[in-house]
Amino acid sequence: MVFDYSTLPREFKRQYLRQDLKFEWDDLNRVYEELGKRPLGSEADLERWLLDEAEFDAYLYEQRAIRYFNSTRQTDNPEYTKAYEEYTELLEPKIKLASFNLLQRYVASQFRGQLPRKVYGLEDRRRKSAASIFRSENVELEKEESDLSQMYYRTTGAMTVEFQGQERTMQQMSKFYEAPDRALREEAWRLSSQRALTDSERLDTVYTEMVSLRDKIARNAGFDNYRDYTFVKKDRFDYTPDDCEDFHRGVEEAIVPLSRNIDRARAERMRVEVLRPWDMQVDPAGREALRPFDQVPSLVSGARKVMANVDTELSSYFERMVELQLLDLDSRKGKAPGGYQEELAEVRLPLIFMNAVGKDDDVRTLLHECGHSFHTFLMRKAMLPFFNGGANMPNEFSEVASMSMEMITGEHYEGVFYDRDDAKRSNWKEVVDNVKLFTWVATIDAFQHWVYTHPVHTKDERAKAWVAVFNRFCGLESYEGLESNRAYRWQRQLHLFEVPFYYIEYGIALTGALGVWSRYRKDPKDAIESYKSALSFGCARSLPELFEAAGVEWGFGPATLRRIAGELRSAIKEYAD
Ligand SMILES: [Zn+2]
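This structure is a prediction, so every number in the text was calculated from the model and none was measured. (Residues numbered from 1 in each chain as written. Predicted model: local features only at pLDDT ≥ 70, side-chain atom pairs only at ≥ 80, totals over all residues. Heavy atoms only, no water.)

S.K.: Hey, could you go over the coordination of the zinc ion for me, with residue numbers and the actual values?
M.R.: As a benchmark, a tetrahedral metal site with four donors has ideal angles of 109.5 degrees, while an octahedral site with six donors has ideal angles of 90 or 180 degrees. Taken together, His368 (NE2), His372 (NE2), Glu399 (OE) and Glu399 (OE) make up the full set of protein donors to the zinc ion, lying 2.1 to 2.5 Å away. Given four donor atoms and angles of 54 to 140° at the metal, the environment of the zinc ion is assigned as irregular. Coordination of the zinc ion draws on donor residues from a single chain, spaced H-x3-H-x26-E in sequence. With histidine 372 in helix α13 (residues 360–382) and glutamate 399 in helix α14 (residues 395–410), the pair connects residues that are 27 residues apart, well separated along the chain. Each of the two residues, histidine 372 as well as glutamate 399, counts as buried. (Donors = N, O, S within 2.8 Å, 3.2 Å for Na, K, Ca; no water. Tetrahedral: all angles 85-135°; square planar, octahedral: opposite > 155°, others 65-115°. Helix = DSSP H or I, 4+ residues; strand = E, 2+ residues; numbered from the N terminus. Buried < 20%, exposed > 50% of the residue type's maximum accessible area, 1.4 Å probe, protein only.)

Printed below as a string of C-alpha cells:
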C-alpha cells in the first residue's frame, strides 16, 4: 500500500514558498539566501520574515516526516531507506548550518524587543538560548554521534533468538513474558537476556564513545559537562538538575514503597516465595492475556465509540483521521517496530503509526497517539504564528496530551473492548504500569546524571553506578545468579544511546496526566475543556502556564509525588476489587 500525500486537503495556502519548490539543496538554498538577505527595517518586516520562515520550517518538517514515515512503513523498500538516508546524510547538516545563519540574523535584529511578548516572548527566549550554544564545529560531531546511533540500531536490530522452532526478535520474545506458564517465561527471558549479553561489550564501547563525544560537544559550547549543556539545549527554562534530584528523592520516598507493595501482592497472588525478572509482566491471577479485538477494523471502530463518549470535538478529529487514511495501524512484514504520532506540518494533519496485533497495549497505544494528534488539530485551530511542531514542542507537556488521553479513554472501555471485569483489569494494569514508569524514569534519569557528570569513568565504574541506581528504585524481583544481566540492563533502553537525557519528561508529564485524569473522574466536561484549551497554546506558553491551563499543579517534587502515590494507591484498590 502506497500512501499518497498529494490527495490530502491543502487548507493552508502557501503565502511565501513557490508551488514547485523541490526538496533539494539548490532549491532550499535559494530560500535560505532570500531570507538571509531580505532587508529587515522595521518590526513589521521582522514579523513578516518570521511568518515566512515558519512556512518554510513547516515545509521542511513535513518533507522529513514523509521520508521517515515511508522508511518505517516499509523498511524492506530500498528506495525509501535511501531517501531518508540521503536526507540525514546530505541535507540535514546543510539545513542545520543555514538555519543557524537565520537564527543569528534574528538575534541581531534591533526590532526583536518590539514584537508582541505574549505571542513571541518564549520563542524569543528559545532562539536567544539556541544561538548562544551553537558551535559550527559541533555539527560534524553531531553527525559522528548519529553514526554511532546507527551502530546501536544495527546491533540491537540484529538481535534474534531461536525459540520454539522459529527465529524471533527481542520484541517478539517479549510477548512470552505474559505467558501464564512460568517455566516458559523463564526460558524465554533467559534466552533473550543471554543473547543481549553477547553484544554487551560492543554496546559498552559504543556508549563510551558517545559519552566522550557528547562531553566534547558540551565543552566546545563552553559548559562544564553535558548535563548542564543539555538543560540549555533542551530549553529547560522551568526546572534545574536539582529539581530532577528532588524528583528522584520523591520517587524513592513515595513511589518505591507503593511499587514494592504491588510486588508483594503479586508474589502472594502468584504463590511464589521470590519473584524473578520473568514474573513481572504476567497477569498475577494466571489469566490469559486480554484480547480486546481481533482485526484492525474492530480496533478502529472500538476507538471511535470510546472517543464519542469522551468529547464531540475530539471525536470529530479522530473521524477525520480515519476518513483521510492517516492511520497505519496493522503489523506487517517489513514494518519497523514501535508506534508514534508524526505531524505533517504543512497540511497541519497528524499521522499515526503502530503495530497492532490484538493486545490491550495496542488499544492504549492508539489512544495515546490520538492524544498527540489532538494536539496537532487544536494547534491548527489556534493558528499560531510560528512553527510549533517538532523540537519546539516541550515533551514535558506533549506527553500530558497523550498520557492523559490514554487514561481518560480507559474509563469507557466497558461495553466496547471489554466486559466489566476485563475493563477493570485493563485499568488496574494501566495504573500499575504508571507506578512502575515513575520508578523507571527515576532510574534512567539518575543514571544519566551520574554518567555525564563523571564523563571519565571505566566500564566497571559505570556498571557499579548503574547497579546502585537500579537497586535504589527497583521492585522486589530477585536477580540472584543473574548479576551480569542486571549490570547491562541499561543497554536495552534506547534513549540512553539515541536521545540522551530524554526521559525525565515522561515523569514530569505523568504527574500532569494523572492530574487531568483525576479531574476527569470528578468532572469530565470541565476537565476536557481545560485539556483542549491547554493544547491549543502549542508551545507559546511556559510549562507552568500550560499545566495551569490544563487545570493541574506544576511541580514534581516529593510533596506532589506523595499526593499522587495516595491517589494511585486508592485507584489500584478500586480496580483490584
Ligand atoms: Zn507519546
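S.K.: Any details on the sheet that holds strand β3 (residues 327–330)? Residues and values, ideally.
M.R.: With respect to topology, three strands assemble into an open sheet ordered β3-β5-β4, the strand pairing being mixed. Of all the strands in the sheet, just β3 and β4 (340–344) have a single pairing partner and so form its edges. Between one strand axis and the next, the sheet turns through 15° on average, direction left out of account. Bridging between β3 and strand β5 (residues 349–356) involves three bridges; their strand directions are parallel. In the strand pairing of β5, leucine 327 is matched with isoleucine 352. Helix α12 (residues 312–323) contacts β3 and β5 of the sheet and is inclined by roughly 75° relative to β5. Each of β3, β4 and β5 touches α13; the most contacted strand, β5, lies at about 175° to it. (Pairing = 2+ DSSP bridges. Axes fitted to C-alpha atoms, helices over the stretch in contact; angles between N-to-C directions. Contact = heavy atoms within 4.5 Å.)

S.K.: Talk me through the packing of α13 against helix α15 (residues 420–453); I want residue IDs and the actual numbers.
M.R.: Contact geometry for α13 and α15: axes closest at 11 Å, N-to-C directions at 65°. It follows that α13 is roughly perpendicular to α15 by the angle criterion. Note that α13 runs across α15; the crossing there is right-handed. Contacts from Asp360, Asp361 and Arg364 of α13 reach α15 at Ser426, Asn427, Lys429 and Glu430. Looking at side-chain class alone, the contact of α13 with α15 contains no nonpolar, two polar and five charged residues. (Parallel < 35°, antiparallel > 145°, perpendicular 65-115°, else oblique. Left-handed = near helix turned anticlockwise from the far one by under 90°. Nonpolar A, V, L, I, M, F, W, Y, C, P; charged D, E, K, R; others polar.)

S.K.: Tell me about helix α8 (residues 200–220), residues and numbers included.
M.R.: One full turn of an α-helix is made of 3.6 residues, so residues set three or four places apart face in the same direction. Relative to the 30 Å expected for 21 residues at 1.5 Å per residue, α8 spans 30 Å between its end C-alpha atoms, a close match to the ideal helical length. The secondary structure elements touched by the buried residues of α8 are α5 (136–157), α7 (182–198), α9 (226–233), α15, α16 (459–473) and α18 (494–498). Two residues or fewer past α8, glycine 222 is found with a positive phi of approximately 90°. (Expected span 1.5 Å × (residues − 1).)

S.K.: Pulling in residues and values, what's your account of the side chain of arginine 112?
M.R.: By secondary structure assignment, the location of arginine 112 is in the loop between α3 (78–108) and α4 (117–133). In this structure the side chain of arginine 112 is engaged in a polar contact, spanning 3.0 Å, whose partner is the side chain of aspartate 124. Not counting residues up to four positions away in its chain, the partners in contact with arginine 112 are Leu46, Tyr106, Val107, Asp124 and Lys128. (Polar contact = N/O pair within 3.5 Å; in protein donor to acceptor, adjacent residues only side chain to side chain.)

S.K.: Tell me what's going on with the environment of methionine 403, and back it up with residues and numbers.
M.R.: Along the chain, methionine 403 turns up in helix α14. A relative accessible area of 7% means that methionine 403 is categorised as buried. For the pair methionine 403 and leucine 367, spaced 36 residues apart in sequence, the C-alpha separation works out to 8.7 Å. With residues up to four places along the chain from it excluded, the contact list for methionine 403 reads His368, Leu437, Tyr506, Ala509, Leu510 and Ala513.

S.K.: Just give me the short version of the environment of methionine 210, but keep the residues and values in it.
M.R.: Mapping methionine 210 onto the fold places it in helix α8. For methionine 210, a relative accessible area of 0% translates into the label buried. Considered as a pair, methionine 210 and serine 149 are 61 residues apart in the sequence and their alpha carbons are 8.6 Å apart.

S.K.: Can you break down helix α1 (residues 25–37) residue by residue, with the values?
M.R.: With 13 residues, α1 ought to run about 18 Å at 1.5 Å a step, and its terminal C-alpha atoms sit 18 Å apart, in line with that. Of the positions making up α1, those classed as buried are Asp27, Leu28, Val31, Tyr32 and Leu35. One face of α1 carries all of its buried residues, which in axial projection span an arc of 140°. Exposed and oriented more than 90 degrees from the buried face of α1 are Asp26 and Lys37. Considering only its buried residues, α1 is in contact with α2 (43–73) and α3. (Arc of directions from axis to C-beta.)

By themselves, these observations are geometric and do not establish any function.
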